[in-house]
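Observations on the three-dimensional arrangement
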Amino acid sequence: LCAFVAPAKAQTYPTRSITMIVPFAAGGPTDVIARIVTGHMAQTLGQSVIIENVVGAGGTTATTRAARAANDGYTLITGHMGTHAASVPLYPKLAYHPEKDFEPIALLAGTPILILARKDFPPKDLNEFVTYVKANAEKVNAAHAGVGSVSHVSCELLHSILDVKPVSVPFNGTGPAMNALVGGQVDYMCDQIVNAVPQINAGTIKAYAIATPQRNPSLPNVPTTAEAGLPKFQAQAWNAMFAPKGTSAAIVASLNAAASKALDDENVKKRLLELGSVIPAAAERTPEALATLVKNEIAKWTPVLKPAT
Ligand code: MLT
């Protein structure tokens, strides 16, 4: 007997777990944002999203891996202003191009930059910090997450304004760099706000200023760089989700919708806002808006960083 068997309806994406590459150590800003957003996306998509921290070379090791991954929607990356913009002028032999090798999915968060120091670093405020760093540029050190990372690029900008070249100490992410700052092994750092809020509130580090035009509601007592006397230092990073080039438009649309839904969720919003993130408006979350942001950020950072290479 030959029974007629209707062909099984092809299951729609995703049919198995998704890997989200985080190009820095666990516990840092990229990791925290990726975990908060993908935790909610997993509910929408009906599949788990597994975070894989792949460290090295300011996030470019992981980003190269993501660029070369299968473009089937099962390997994604949470990149940022460093991996998908500043790396271009800083790494002449970069093995990927942020615009040519990725499909933008969605902008996840804006992250203001703060100037932070170990608790017992002598300067009491930003003016004293500027004087102290200028006077002791050979002795002081700045922690960062590797060449091309947000923390590296932000402090490069600060150092160019102050015209100093202090020692820099690279880590695999500002998660471990923050541990060193709390432990007093390094002097200061220019870090994204999500990493800083819990430590500032716990009193384990100090914040001299936030490099945005307005104070942040999560840190109402931290002055802006303009208020504290260094208006030229303005810096805000961003974190965003990408898939390898050639990932289908249907998959990109499905991931974009899930990411946007996550950003509208009250609990996700509360967690991101408590950490000082800026949640992108709906118009800023589209793949097209992210493509434009990447293009503009490469154009912005290239002349700033090229002379340093
Ligand atoms: C950076 O400086 O690029 C980030 O803070 C890296 C991280 O998420 O640890």
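Scroll up to find the structure this text is about.
Read on for a plain summary of the structure. Source: prediction; values computed, not measured.

A few points about the overall build of the protein
- Within the protein, the regular secondary structure consists of 11 helices and 9 strands.
- The globule rule puts the C-alpha radius of gyration for 309 residues at 19 Å, and the 20 Å found for the protein is close to it.
- For the protein, the spread of C-alpha atoms along the three principal axes comes to 90 × 40 × 35 Å.
- When contacts within the protein are restricted to residue pairs at least 6 apart in sequence, long-range pairs at least 24 apart make up 78% of them.
- Of the roughly 13300 Å² of accessible surface on the protein, a fraction of 55% belongs to carbon and sulfur atoms.
- If the 25 positive side-chain charges of the protein are averaged to one point and the 22 negative ones to another, these points end up 2 Å apart.

Some thoughts on the site of the ligand
- Taken together, 13 residues surround the ligand, and among them T30, H80, V150, S151 and T174 come closest.
- Residue V150 places a main-chain N or O atom 2.8 Å away from an oxygen atom belonging to the ligand.
- Protein contacts shield 100% of the accessible area of the ligand, which totals 270 Å² for the unbound molecule.

Describing the pairing of strand β6 (residues 167-170)
- Here strand β5 (residues 141-144) runs beside β6; their pairing, made up of 4 bridges, is parallel. Each residue of the ladder has a partner; that of A142, found in β6, is S168.
- Note on the crossover from β5 through helix α5 (residues 150-162) to β6: the handedness is right-handed.

Reading guide: rules and limits
- Residues numbered from 1 in each chain as written.
- Predicted model: local features only at pLDDT ≥ 70, side-chain atom pairs only at ≥ 80, totals over all residues.
- Heavy atoms only, no water.
- Helix = DSSP H or I, 4+ residues; strand = E, 2+ residues; numbered from the N terminus.
- Rg over C-alpha atoms; globule rule 2.2 N^0.38 Å.
- Contact = heavy atoms within 4.5 Å.
- Areas by Shrake-Rupley, 256 points an atom, 1.4 Å probe, with all protein chains shown as cover.
- Lys, Arg positive; Asp, Glu negative; His and termini not counted.
- Charge placed at Lys NZ, Arg CZ, Asp CG, Glu CD.
- Near = heavy atom within 4 Å.
- Polar contact = N/O pair within 3.5 Å; in protein donor to acceptor, adjacent residues only side chain to side chain.
- Pairing = 2+ DSSP bridges.
- Right-handed = clockwise from strand over helix to strand, strands pointing away.

By themselves, these figures tell us nothing about what the structure is for.
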